[in-house]
Amino acid sequence: MSASIFKNARLVLPGEVVQGSLRVDGGCIAALDAGATSALAGIDLDGDYLLPGLVELHTDNFERHLMPRPQVPWAELPALLAHDAEIAAAGITTVFDALGVGEADAGGLRSRPWNRVLDSIDTCAERRLLRAEHHLHVRCELPAPNTIDLFAPFHGHPRLTLISLMDHTPGQRQWENLAQARTYYTGRKGWSDEKFERQVLHAATLQERYAAPHRAYFVDYCRANGIALASHDDTTVAHVEQAHAEGAALSEFPTTLAAARAAHERGLLTVMGGPNVVRGGSHSGNVAATELARAGLLDILSSDYVPGSLLGAVLRLVQGDILSLPRAVATVTRNPARAAGMSDRGELAPGLRADLVQLHMIDLPDGTRQAVVRSVWREGRRVL
């Protein structure tokens, strides 16, 4: 691969933004230089920002493409390619596809085997058809009877890097507010009020029977196989203490300030949703991500269900004078990369991978700014 020069760029470095140029050689960053360059050749960014490629630890976007409507499955390969293109267009160069295993409702996406999906990812990666680098984040629904059986295709899979433990039983964690849970299930899933009431009772029975043994199984699996473990929707200090004792490294979407503070005190990194920042709060009625950021408790942003929310959230944090641009960018680049054990990416520095995003800013009439991804490179190769 020949060397390339990116000139006339605003380089977003770990601690500052510098006008300068960047040289790529062999798929890695070879040099950074402040000021103008005398090189005549090269890629002129015309004053746009140059960021490290974004690292996404938790996105449900692939699942959305696999089942775009309830009970309407889509073919695996076109779903993957559409998901991958959307991810790259959001500036994400490393993505952890969050795939859920375990669901009480028959016919739902997470109640089906994942074998063909995994085959599609492997086939497309081998043929260099994917713009982003794809890893696996398996979300395990602990109270579901079929969780362990559906996890079987992931055993020993080389892309499996992260496992999170979920419990969406209404009345606790994310759905501590039953009124919010009712709105979600009757609205998005089309349940009647009667079905919601039945499912609340049934969910409590399943939780009592399966949650504890399934939790022990996946904690043991992570320990034995060196897989990173994340808790999910921690609400109380006791939730965090349990996750810490089990060896969790991440606390995904803590629902209260107390849980997020407890996670930080115990060394767990907190992950919050980009949509939470962009919308100004949680759709479930839980703690706002900006509140955690102001308290110094936000480590990582996840796009969750909207890939484009990562850059939107970065801008909101900057425009709200909550974080500087380098610190906000770190929540979607360096911090998630380090949390995943990836020391070869996540910032603009010599020797690291040339995963790069050219970002153009538009000033809007209301005084806010909109980020537009113009180009994306992965290991020095333009993918968008």
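Above this text you will find the structure in question.
On a predicted model such as this, the values are computed, not experimentally measured, just so you know. All chains use their own residue numbering, which begins from 1 and follows the written sequence. Predicted model: local features are reported for residues with pLDDT of at least 70 only, side-chain atom pairs are reported and counted for 80 or more only, and whole-chain, interface and lining totals are derived from all residues. In computing side-chain values, all of the structure's heavy atoms are included and hydrogens and water are not.

**Q** Explain the overall build of the protein to me, and be specific about the residues and the numbers.
**A** Each helix and strand in the protein was counted, giving 13 helices and 16 strands. Taken over C-alpha atoms, the radius of gyration comes to 21 Å for the protein, in line with the 21 Å a tight globule of 384 residues would show. With respect to the three principal axes, the spread of C-alpha positions in the protein is 70 × 45 × 40 Å. Any two residues whose heavy atoms approach within 4.5 Å at even a single point are treated as in contact. Partitioning the contacts of the protein with sequence separation of at least 6, the portion at a separation of at least 24 is 66%. The Shrake-Rupley method, run with a 1.4 Å probe sphere, supplies the accessible areas, and residue values consider only the shown protein chains as cover. A total accessible area of about 16000 Å² is found for the protein, and carbon and sulfur atoms account for 50% of it. Runs of E in the DSSP output that reach at least two residues are strands. Runs of H or I that reach at least four are helices, and both are numbered from the N terminus. Only C-alpha atoms enter the radius of gyration, while the globule expectation follows 2.2 Å times N to the 0.38, with N the number of residues.

**Q** I'd like a rundown of the layout of surface pockets, residues and numbers included.
**A** Put plainly, a pocket is an open set of points on a 1 Å grid over the protein atoms alone with protein on both sides within 12 Å along at least five of seven lines, a cavity is a set where a 1.4 Å probe fits but cannot get out, and a lining residue has an atom within 4 Å of a point. Grid points are joined across faces, edges and corners, and a volume is the space filled by probe spheres set on the points. Computed from the structure, the second largest pocket encloses a volume of approximately 210 Å³. Looking at the second largest pocket, the residues that line it are Val278, Gly308, Leu311, Gly312, Leu315, Arg316, Gln319, Leu364, Thr368, Arg369, Gln370 and Ala371. Those elements giving two or more residues to the lining of the second largest pocket turn out to be helix H11 (309–319) and strand E15 (369–378). No other element matches H11, which puts 5 residues into the lining of the second largest pocket. Classification convention: Asp, Glu, Lys, Arg as charged; Ala, Val, Leu, Ile, Met, Phe, Trp, Tyr, Cys, Pro as nonpolar; all other residues, Gly among them, as polar. Class assignment for the residues of the lining of the second largest pocket results in 5 nonpolar, 5 polar and 2 charged.

**Q** Tell me about the environment of Cys140, residues and numbers included.
**A** Note that Cys140 resides in strand E8 (residues 133–141). To sort residues, take the accessible area from a 1.4 Å probe on protein chains only and compare it with the maximum for the residue type: under 20% means buried, over 50% means exposed, and anything in between is partly exposed. With a relative accessible area of 0%, Cys140 lands in the buried category. For Cys140, the contacting residues outside a window of four places in its chain are Val101, Thr147, Ile163, Ser164, Leu165, Met166 and Phe218.

**Q** Explain empty space enclosed by the protein to me, and be specific about the residues and the numbers.
**A** Counted under the stated rule, the structure contains 3 cavities of 30 Å³ or more. As a volume, the largest cavity reaches approximately 60 Å³. The wall of the largest cavity is formed by Val12, Leu13, Pro14, Pro52, Pro326, Val329, Ala330, Thr333, Arg334, Gly346, Glu347 and Leu348. Here the lining of the largest cavity gets 3 residues from one element, more than from any other, and that element is helix H12 (residues 325–330). Of the residues belonging to the lining of the largest cavity, the class tally is 8 nonpolar, 2 polar and 2 charged.

**Q** Describe the packing of aromatic side chains, and please don't skip the residues or the numbers.
**A** In this description, a pair of aromatic rings is defined by centroid distance and the angle of the planes. When the centres of two rings from Phe, Tyr and Trp lie within 6.5 Å, Trp using its six-membered ring, the rings pair. Their planes under 30 degrees apart give stacked, over 60 give edge-to-face, and anything left gives tilted. Using the criterion set out here, one finds 5 aromatic pairs in the structure. Both rings, one in Phe6 and one in Trp377, keep their centres 4.8 Å apart while their planes meet at 85°; by these two values the pair is edge-to-face. Here Trp377 lies in strand E15 and Phe6 lies in strand E1 (residues 4–12), a separation of 371 residues in the sequence. Taken as a pair, Phe6 and Trp377 share a single burial class, namely buried. Here Phe151 and Phe154 contribute two aromatic rings whose centre-to-centre distance is 6.0 Å and whose plane-to-plane angle is 25°, an arrangement assigned as stacked. Looking at Phe151, the relative accessible area reads 0%, which means it is buried. Aromatic ring contacts, followed pair by pair, group Phe151, Phe154, Tyr217, Phe218 and Tyr221 into a single cluster.

**Q** Break down unusual backbone geometry for me, with residues and values.
**A** The phi torsion at Asp233 lies on the positive side, around 60°, for a residue other than glycine. Owing to a relative accessible area of 4%, Asp233 belongs among the buried residues under this scheme. The residue Phe253 is not glycine, and still its phi comes out positive at about 50°. Of note, Phe253 is situated in the loop between strand E11 (250–252) and helix H8 (257–265). Relative accessible area serves as the criterion here: at 12%, Phe253 is assigned to the buried category.

**Q** I'd like a description of the packing of helix H2 (residues 76–89) against helix H3 (residues 115–126), backed by residues and values.
**A** Axis angles are defined between N-to-C directions and span 0 to 180 degrees, where every axis is a line fitted to C-alpha atoms and, for a helix, only to the segment in contact. Packing of H2 against H3 leaves a shortest axis separation of 9 Å and a crossing angle of 55°. It follows from the interaxial angle that H2 and H3 lie oblique. Crossing geometry of H2 relative to H3 is assigned as right-handed. Residues Glu76, Leu77, Leu80 and Leu81 of H2 pack against Arg116, Val117, Ser120, Ile121 and Cys124 of H3. When grouped by side-chain class, the residues that make up the contact of H2 with H3 number 6 nonpolar, 1 polar and 2 charged. Each angle gets one of four labels, with under 35 degrees taken as roughly parallel, over 145 as roughly antiparallel, 65 to 115 as roughly perpendicular, and the rest as oblique. Handedness of a crossing follows from how the near helix is turned relative to the far one, being left-handed for an anticlockwise turn of less than a right angle and right-handed for a clockwise one.

**Q** Describe the side chain of Ser302, and please don't skip the residues or the numbers.
**A** With respect to the helices, strands and loops of the structure, Ser302 is situated in strand E13 (residues 300–302). Each polar contact in these results corresponds to two N or O atoms within 3.5 Å; when the atoms are within protein, one needs to be able to donate a hydrogen and the other to accept it, and residues that are neighboring in sequence are counted only if both atoms are side-chain atoms. Of the polar contacts made by the side chain of Ser302, one reaches the backbone nitrogen of Asp304; its length is 3.0 Å. In contact with Ser302, not counting residues within four places along its chain, are Glu56, His58, Phe253, Val271, Met272, Gly273, Gly274, Pro275, Ser309 and Leu310.

**Q** Before we move on, could you go through the pattern of salt bridges and cite the residues and values that matter?
**A** What counts as a salt bridge is simple: a side-chain nitrogen of Lys or Arg found within 4 Å of a carboxyl oxygen of Asp or Glu. The tally for this structure, following the rule as stated, stands at 16 salt bridges. Residues Arg139 and Asp60 are paired through a salt bridge, measuring 2.9 Å at the closest nitrogen-oxygen approach. Taken together, the positions of Arg139 in strand E8 and Asp60 in the loop between strand E6 (54–59) and helix H1 (61–66) put the pair 79 residues apart, joining distant regions of the chain. Classification of Asp60 by relative accessible area gives buried; the value is 18%. Here Arg116 ties to Glu76 by a salt bridge, and the two come within 3.5 Å at their closest N and O atoms. One end of the pair, Arg116, is in helix H3; the other, Glu76, is in helix H2, and 40 residues separate them in sequence.

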